[in-house]
Amino acid sequence: MEGIIYNVTINIEESVHDAWLNWIKTKHIPDMLATKKFSSAKMCKVLVEEDMGGITYSVQYVCKDMDTLQAYYREDAAKMRAEGMKLFPNKFVAFRTEMEIISEVNA
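In this report, we go over the structure that sits alongside the text. Nothing here was measured: the structure is a model prediction, and the numbers come from that model.

1. Looking at the overall build of the protein
- Tallying secondary structure elements over the protein gives 3 helices and 4 strands in all.
- Reading the protein from its N terminus to its C terminus gives the helix and strand order β-α-β-β-α-α-β.
- Taken against the 2.2 N^0.38 rule, which gives 13 Å for 107 residues, the C-alpha radius of gyration of the protein at 14 Å falls within 12% of a compact globule.
- Over its C-alpha atoms, taken along the principal directions, the protein stretches across nearly 40 × 35 × 20 Å.
- Relative to its 107 residues, the protein shows a buried fraction of 37%.
- Looking at the protein alone, contacts between residues at least 24 apart form 75% of all its contacts between residues at least 6 apart.

2. Re the sheet that holds strand β1 (residues 4-12)
- Spatially, β2-β3-β1-β4 is the arrangement adopted by the 4 strands of the open sheet, whose pairing is antiparallel. The open sheet has two edge strands with one neighbour each: β2 (40-45) and β4 (92-100). For this sheet, the mean angle separating the axes of adjacent strands, direction not counted, is 15°.
- The sheet contact formed by β2 and strand β3 (residues 55-63) spans 6 bridges and is antiparallel. Note on β3: the bridge partner recorded for Lys 45 is Tyr 57.
- Relative to the sheet, helix α2 (residues 66-75) contacts β1, β3 and β4, its axis offset from that of β1 by approximately 45°.

Rules and cut-offs
Residues numbered from 1 in each chain as written. Predicted model: local features only at pLDDT ≥ 70, side-chain atom pairs only at ≥ 80, totals over all residues. Heavy atoms only, no water. Helix = DSSP H or I, 4+ residues; strand = E, 2+ residues; numbered from the N terminus. Rg over C-alpha atoms; globule rule 2.2 N^0.38 Å. Buried < 20%, exposed > 50% of the residue type's maximum accessible area, 1.4 Å probe, protein only. Contact = heavy atoms within 4.5 Å. Pairing = 2+ DSSP bridges. Axes fitted to C-alpha atoms, helices over the stretch in contact; angles between N-to-C directions.

Next comes the structure, spelled out in structure tokens:
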């Protein structure tokens, strides 16, 4: 198994949570996949209460290699990030992590 996971962890304020959740599931994730840089996306709710409040999610996008992820950064990232900042200004914090897939085991 080879590949890179581009993980985006987002803490969203409860005041805009429902609108944001609808947007990310029906617009943002499909738009990310439409860049053709990622083969799949998995969205998870983080089950830990944050001291800062809000609700935290992790979205994991899988791409085939680091070159593909770098192409996403060059060609698509600014536009993809701008929409969320425009729709939900100062209502979320996000951080990104790059991970290399070493192995995957399915039962």
